[in-house]
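# Coordinates in review
Each chain is listed here by its residues.
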Amino acid sequence: MNSRNHRLKLDRKDVEILRTLQENARIPLKELASKVGLSIPAVRARIDRLMDLGVIKRFTVIVDPSRIAERVRALILCRVPADRLGNLPEELGKLESVTEVHTLAGSYNLALKVEFREIGEVTRFVHERLSGAVDVEVLIVSNTYKEEYGATLYPDEAIRMRCDFCHALIVERPVIREIGGGRYYFSSEECADAFERKLRGEEIEIPWWEKQTGERSRAGKRRKGR
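Description of the structure in this document. Keep in mind that what you see is a predicted model, and the values were worked out from it rather than measured.

Criteria and cut-off values
- Residues numbered from 1 in each chain as written.
- Predicted model: local features only at pLDDT ≥ 70, side-chain atom pairs only at ≥ 80, totals over all residues.
- Heavy atoms only, no water.
- Helix = DSSP H or I, 4+ residues; strand = E, 2+ residues; numbered from the N terminus.
- Buried < 20%, exposed > 50% of the residue type's maximum accessible area, 1.4 Å probe, protein only.
- Contact = heavy atoms within 4.5 Å.
- Areas by Shrake-Rupley, 256 points an atom, 1.4 Å probe, with all protein chains shown as cover.
- Axes fitted to C-alpha atoms, helices over the stretch in contact; angles between N-to-C directions.
- Parallel < 35°, antiparallel > 145°, perpendicular 65-115°, else oblique.
- Nonpolar A, V, L, I, M, F, W, Y, C, P; charged D, E, K, R; others polar.
- Arc of directions from axis to C-beta.
- Patch = residues over 30% accessible without salt bridge, like charges linked within 9 Å, V, L, I, M, F, W, Y side chains within 5 Å.
- Salt bridge = Lys/Arg side-chain N within 4 Å of Asp/Glu carboxyl O.
- Core = buried A, V, L, I, M, F, W, Y, C linked by side-chain atoms within 4.5 Å.
- Pairing = 2+ DSSP bridges.
- 1 Å grid on protein atoms, 1.4 Å probe; cavity = no way out; pocket = protein on both sides within 12 Å on 5 of 7 lines; lining within 4 Å.
- Points joined across faces, edges and corners; volume = space filled by probe spheres on them.

In this section: the overall build of the protein. On a plain count of helices and strands, the protein comes out with eight helices and six strands. Moving toward the C terminus, one meets the helices and strands of the protein in the order α-α-α-β-α-α-β-β-α-β-β-β-α-α. Out of the 226 residues belonging to the protein, those deemed buried represent 29%. Residue pairs at least 24 apart in sequence account for 57% of intrachain contacts in the protein once pairs closer than 6 positions are excluded. If you sum the accessible surface of the protein, you get close to 16200 Å²; carbon and sulfur atoms cover 48% of it.

In structure tokens, the structure reads:
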């Protein structure tokens, strides 16, 4: 049986709710329910579920950067050697001036979107933060004609989730458990049981896939040390 048929998916009503909230997150719940043809409790339950699943990250305010004077925006394309890439994307993502971080397949393997008050700050950023890159191309944004946030959504799309215990990608319907007031998602009953035992302080056996990951990591370090 094809496991893709058992994945958690967005149905048509989920997509209608998400598209409407992406256009206007301040829409009253009553108006949203009327628009998508569901009751208020049903809409509220779907929104809560989408937030629990991480599909909705947060409700926020989008500031139009073109309305802010003295602002320089740039796209930076980098080619960073694999042995230097490491945690660089995560570290760059913590910087206030970096608004987007992407790893790529192609001539460049890292792309950034940054905002500064003056052009000189872009140059300093490249020299200080991207010194490990062997090739850097900086593209200064002159005009923006379209800038959409969020995702393009279609009905019947699968929701990507990772197990809260082993962190493997969940390819079928997750095992859901309420533990200590929180809701957790697992790839199997075994992972759920192990997670609960771990919370109770019991010793648990490390899954074979995590053992293999650790062994590969240690082998890589030994090769680098030679």
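Next, the rest of the story.
Time to look at the packing of helix α1 (residues 12–23) against helix α3 (residues 40–52). Two elements in contact, α1 and α3, have axes separated by 11 Å at closest approach and are oriented at 80 degrees. Relative to α3, the element α1 lies roughly perpendicular. Here K13, D14, I17, L18 and L21 of α1 come into contact with α3, specifically with V43, R46, I47, R49 and L50. Here the residues of the contact of α1 with α3 sort into six nonpolar, no polar and four charged.

As a further point, take helix α7 (residues 189–199). Those residues of α7 that fall on the buried side of the exposure criterion are C191, A192, A194 and F195. Looking down the long axis of α7, one finds its buried residues gathered within 165 degrees of arc, a one-sided arrangement. Positive phi shows up at G201, right after α7, with a value of about 85 degrees.

On the surface, V61, V63 and I68 cluster together into a nonpolar patch covering about 290 Å² of accessible area. With respect to the secondary-structure elements, I68 resides in the loop between α3 and β1 (72–79).

Looking now at the pattern of salt bridges. Going through the model one piece at a time under the given rule, you end up with 16 salt bridges. The partner of R46 in a salt bridge is D11, with the nearest N and O atoms 2.9 Å apart. Placement of R46 in helix α3 and of D11 in the segment before α1 is noted, with a sequence separation of 35 residues between them. For D11, a relative accessible area of 32% corresponds to the partly exposed category. Of the charged contacts in the structure, one is a salt bridge between R73 and E115, with a shortest N-O distance of 3.3 Å. Separated by 42 residues along the polypeptide, R73 in strand β1 and E115 in strand β3 (residues 110–116) bring together distant segments of the chain. As far as burial versus exposure is concerned, R73 and E115 are alike and both buried. Linked through salt bridges whose partners overlap, the residues forming this network are R71, R73, E100, K113, E115 and E147.

All right, on to the nonpolar core then. Generally speaking, a soluble globular protein has its nonpolar side chains buried in company with each other. Within the largest apolar cluster, 30 residues are counted, with the highest numbers of intra-cluster contacts made by L32, F165 and F186. Contributing elements (two or more residues each) for this core: α1, α2 (29–36), α3, β5 (175–179), β6 (182–186) and α7. Residues V72, C78, L110 and V122 belong to the second largest nonpolar core, which totals 19 residues.

To continue, consider the sheet that holds β1. Strand order in this open sheet of four strands is β2-β3-β1-β4, and the pairing throughout is antiparallel. Two strands lie at the open edges of the sheet, namely β2 (98–103) and β4 (135–140), each paired on one side alone. Strand-to-strand, the axes of this sheet are offset by a mean angle of 15 degrees, without reference to chain direction. Looking at chain direction, β2 and β3 are connected through five bridges and run antiparallel. Across the sheet, residue T103 finds its bridge partner in β3, namely L110. The strands that helix α6 (residues 119–129) touches are β1, β2, β3 and β4; relative to β3, the one it contacts most, it runs at about 145 degrees.

The next subject is the layout of surface pockets. Taken as a whole, the largest pocket holds about 1900 Å³ of empty space. Lining the largest pocket are 41 residues, with Q22, T60, I62, Y149 and G150 sitting closest to its centre. Of all elements in the fold, only α1, β2 and β3 reach the threshold of two or more residues within the lining of the largest pocket. Looking at the lining of the largest pocket, the element that brings in the most residues is α1, giving five residues.

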